[in-house]
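One letter stands for each residue in the lines below.
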Amino acid sequence: MAAIEAIIAERGLTPGARLPSERAMVAMIGTSRGSLREAIGRLSAAGLLSVGPRGTTIAAPLAARWAEGTIAAPLGARIAADPGYGRDVLEVRQGLERQAAFHAARRALPADRDHIRRCFDAMIDSHGSGDAGDEAQADAAFHLAIARASHNAVLHSVMSSMFGLLRSSISDSLEKLYTVPRTFEQLSDQHRRLMETILAGDAEAARDASDAHIQFVETTIRGIDEERARQVRAAALHAPSIPQDRQKSRS
């Protein structure tokens, strides 16, 4: 069981992700297929894995399933329809992530630190790929790696359950933020600062770095939204109006 959990941790697999094939895991762990299946059965009985016809996947913990059903799923459509909800997501992110950063700095194990570093490198490498979705996923994975390193099961479960919602929020944020020159460099510096303070075990500085990052995102997006709204109002003001007599003739 511990070997399977180690594979999940090393690969940063989140709920819904599929485990490697039985053959691959037998080779990785160095055990028999019978012992592997027994371990998978125990983890499945504990609610940590889900075994289906298409393979074994990571099951969301009970707290995550509750949060997905009561928070993330209902909000998904609202956020897509009204950008204002995205700012609400940022407020929630600030509260969750500042605590995750604080506790990760205090509790992260060597494997957690390595995982955070790998996620940071992947996030940097994803920039310039031309796929905003890939960048958003890498960004979200970095923040979830920090949440996992907090070793707070409820905090990690809630953030994991909101992964899709978080990813949508980040994707929307990145789309707007990258319209501002030099934003990538600023975000990279903020993420690097966040990582370094956690790796250094400085809990207070990590919490401050998390707050500074989310506040930067929120302030920049608010400015972009206000400028776009101003441009829409200006365009509407100067748009040619239809003469009253033409309006009457159409009615």
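The protein goes by GntR family transcriptional regulator in an unreviewed UniProt entry, where it is assigned to Novosphingobium guangzhouense.

Draft legend 1. Quick look at the overall build of the protein. Of regular secondary structure, the protein possesses 12 helices and 2 strands. Reading the helices (α) and strands (β) of the protein from amino to carboxyl end gives α-α-α-β-β-α-α-α-α-α-α-α-α-α. Taking the intrachain contacts of the protein between residues at least 6 apart in sequence as the baseline, contacts between residues at least 24 apart amount to 69%. Carbon and sulfur atoms make up 53% of the accessible area of the protein, which totals about 13,800 Å².

Draft legend 2. Fine view of the nonpolar core. In terms of nonpolar packing, the biggest core is built from 25 residues, with Ala101, Ile116, Phe142, Ile146, Leu194 and Ile198 touching the most fellow members. Looking at this core, the elements that each hand over two or more residues are helix H5 (84-107), helix H6 (110-126), helix H7 (132-149), helix H8 (153-161), helix H10 (183-199) and helix H11 (203-238). For this core, the element with the most residues is H7, which contributes 7 residues. In contact with Ile146, other than residues within four places in its own chain, are Ala100, Ala101, Ala104, Ile116, Leu194 and Ile198. Listed in part, the 10 residues of the second largest apolar core include Ile7, Ile8, Leu36 and Leu43.

Draft legend 3. View of the packing of H6 against H10. In the contact formed by H6 and H10, the axes pass within 11 Å of each other and the chain directions differ by 175°. Compared by their axis directions, H6 and H10 come out roughly antiparallel. Contacts between H6 and H10 involve Arg113, Ile116, Arg117, Phe120, Met123 and Ile124 from the former and Phe184, Ser188, His191, Arg192, Met195, Ile198 and Leu199 from the latter. Residues belonging to the contact of H6 with H10 are distributed by class as follows: 8 nonpolar, 2 polar and 3 charged.

Draft legend 4. Just the packing of H10 against H11, in detail. Remark: H10 packs on H11, axes separated minimally by 8 Å, with the N-to-C direction vectors making an angle of 160°. Put simply, H10 runs roughly antiparallel to H11. For the pair H10 and H11, the crossing hand works out as left-handed. Contact residues: H10 offers Thr183, Gln186, Leu187, Gln190, His191, Arg193, Leu194, Thr197 and Ile198, while H11 offers Ala205, Ala206, Ala209, Ser210, His213, Phe216 and Val217.

Draft legend 5. Focus on the side chain of Thr220. Tracing the backbone through its elements, the reader meets Thr220 in helix H11. Leaving out residues up to four positions away in the same chain, Thr220 has contacts with Leu177 and Val180.

Draft legend 6. Structural context of the pattern of salt bridges. Applying the stated criterion across every chain yields a total of 9 salt bridges. Its salt-bridge partner being Arg42, residue Glu38 comes within 2.8 Å of it at the nearest N-O pair. One end of the pair is Glu38 and the other is Arg42, both in helix H3 (residues 33-45) and 4 residues apart, which spans about a single turn. What makes Glu38 partly exposed here is its relative accessible area of 45%. Note that Arg98 and Asp211 form a salt bridge whose closest N and O atoms lie 2.9 Å from each other. Placement of Arg98 in helix H5 and of Asp211 in helix H11 is noted, with a sequence separation of 113 residues between them. Since its relative accessible area comes to 10%, Asp211 is described here as buried. Ionic contacts of the salt-bridge type, sharing partners, join the residues Glu22, Arg33 and Arg37 into one network.

The rules behind the values
- Residues numbered from 1 in each chain as written.
- Predicted model: local features only at pLDDT ≥ 70, side-chain atom pairs only at ≥ 80, totals over all residues.
- Heavy atoms only, no water.
- Helix = DSSP H or I, 4+ residues; strand = E, 2+ residues; numbered from the N terminus.
- Contact = heavy atoms within 4.5 Å.
- Areas by Shrake-Rupley, 256 points an atom, 1.4 Å probe, with all protein chains shown as cover.
- Core = buried A, V, L, I, M, F, W, Y, C linked by side-chain atoms within 4.5 Å.
- Buried < 20%, exposed > 50% of the residue type's maximum accessible area, 1.4 Å probe, protein only.
- Axes fitted to C-alpha atoms, helices over the stretch in contact; angles between N-to-C directions.
- Parallel < 35°, antiparallel > 145°, perpendicular 65-115°, else oblique.
- Nonpolar A, V, L, I, M, F, W, Y, C, P; charged D, E, K, R; others polar.
- Left-handed = near helix turned anticlockwise from the far one by under 90°.
- Salt bridge = Lys/Arg side-chain N within 4 Å of Asp/Glu carboxyl O.

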